[in-house]
Amino acid sequence: MNVTEPLVRIRGLMTRLGGKTIFDGVDLDIPRGGITAIMGPSGTGKTTLLRHITGQLKPDAGEIVVDGRNVVMLDRDALFDLREKIGYLFQNSALLTDFSVFENVAFPLRQHARLPEELVRNIVLTKLQAVGLRGAAGLMPAELSGGMARRVALARAIVRDPMLLIYDEPFVGLDPIALNQVLKLIRTLNATLGLTSILVAHELSAIRRVADNIYLIAAGKIAAHGSPEALTRGETAWTKQFFGGEADGPVPFHYPARDYAADLGFPT
Ligand SMILES: Nc1ncnc2c1ncn2[C@@H]1O[C@H](COP(=O)(O)OP(=O)(O)OP(=O)(O)O)[C@@H](O)[C@H]1O
């Protein structure tokens, strides 16, 4: 494996869903060891892109290479192998409500292998320690704050030492303290565990603090790509609207509508 190759390399991605073009020739690289943010207006295809990378959805055309494997060509077993090496963190944390914090983190370990209980315990406690919640191992999800739940979900996402960690909207609903803790953890875990991270999120200020590079996807294409600093200084209509927070731009404020006067019944 060539470690200078990006972990994920996408070329010529074309996707149509429900009669709509989602990707119209997307090229994208996720460098190894980095944190790459995927941003873009709602409905632009960020989650769809993640589904392509994990092989849950095949594109109409294009190449998706993850760790040297062309995902589009993989059979079921090979896809299963690949997914084993990917950790996920979703916005709702998705903890199992009837299981303790310990059992939630242990769940992926128990699901995939029969490991000695002492080993499970050591791995789970190490991961909980990494997110600062070893002391909360015996709590139930209902006893956790939103920020703690997100950190437990993070411990669970890394419990099987993934090569790639995918965060889908990890900042939603967090108060500023919890947000800072999660941001710090994303950075620390990425560095200490030698991970590669992909982060889909809308919170520009948070992304600026954590991402090494950003892809802005809009209208089926890569509208901009670069470091957070470069993109927030962006000069294109997309970067100005997206990073400058302007209400109108390439994404119009008004949903397409009939002529206003005609709609109100005035003679035209
Ligand atoms: N299985 C499907 N069939 C038809 N259309 C779909 C399907 N999955 C997604 N879409 C459409 O594809 C588009 C992209 O959806 P996606 O969820 O990837 O957007 P997103 O950028 O993640 O949006 P958000 O920021 O709102 O989460 C949307 O218009 C969605 O309605």
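These remarks concern the structure in this document. Nothing here was measured: the structure is a model prediction, and the numbers come from that model.

## Here's the deal with the layout of surface pockets
For the largest pocket, the calculated volume is near 680 Å³. As for the largest pocket, its lining consists of 28 residues, and the residues nearest its centre are Arg83, Ile86, Gly87, Tyr88 and Phe90. Counting residues per element, the ones that place at least two in the lining of the largest pocket are α1 (46-53), α2 (76-84), β6 (86-90), α3 (101-112), α5 (146-157) and β7 (164-168). If you tally residues by element for the lining of the largest pocket, the top one is β6, at 5 residues. Classifying every residue of the lining of the largest pocket by side-chain character gives 15 nonpolar, 7 polar and 6 charged. As a volume, the second largest pocket reaches approximately 220 Å³. Looking at the second largest pocket, the residues that line it are Lys20, Thr21, Ile22, Pro41, Ser42, Gly43, Thr44, Ala218, Ala219, Gly220, Trp238 and Val251.

## Things to note about the site of the ligand
Inspection of the region around the ligand gives 13 residues, with Lys20, Gly43, Lys46, Thr47 and Thr48 positioned closest. Within the side chain of Lys46, a nitrogen or oxygen atom sits 2.7 Å from an oxygen atom of the ligand. Residue Thr47 places a side-chain N or O atom 2.9 Å away from an oxygen atom belonging to the ligand. In isolation the ligand has 650 Å² of accessible area, and contact with the protein removes 61% of it. Elements with a minimum of two residues in the shell around the ligand: β2 (20-30) and α1. The greatest single-element share of the shell around the ligand, amounting to 3 residues, is contributed by α1. Classifying every residue of the shell around the ligand gives 3 nonpolar, 8 polar and 2 charged.

Rules used in this analysis
- Residues numbered from 1 in each chain as written.
- Predicted model: local features only at pLDDT ≥ 70, side-chain atom pairs only at ≥ 80, totals over all residues.
- Heavy atoms only, no water.
- 1 Å grid on protein atoms, 1.4 Å probe; cavity = no way out; pocket = protein on both sides within 12 Å on 5 of 7 lines; lining within 4 Å.
- Points joined across faces, edges and corners; volume = space filled by probe spheres on them.
- Helix = DSSP H or I, 4+ residues; strand = E, 2+ residues; numbered from the N terminus.
- Nonpolar A, V, L, I, M, F, W, Y, C, P; charged D, E, K, R; others polar.
- Near = heavy atom within 4 Å.
- Polar contact = N/O pair within 3.5 Å; in protein donor to acceptor, adjacent residues only side chain to side chain.
- Areas by Shrake-Rupley, 256 points an atom, 1.4 Å probe, with all protein chains shown as cover.

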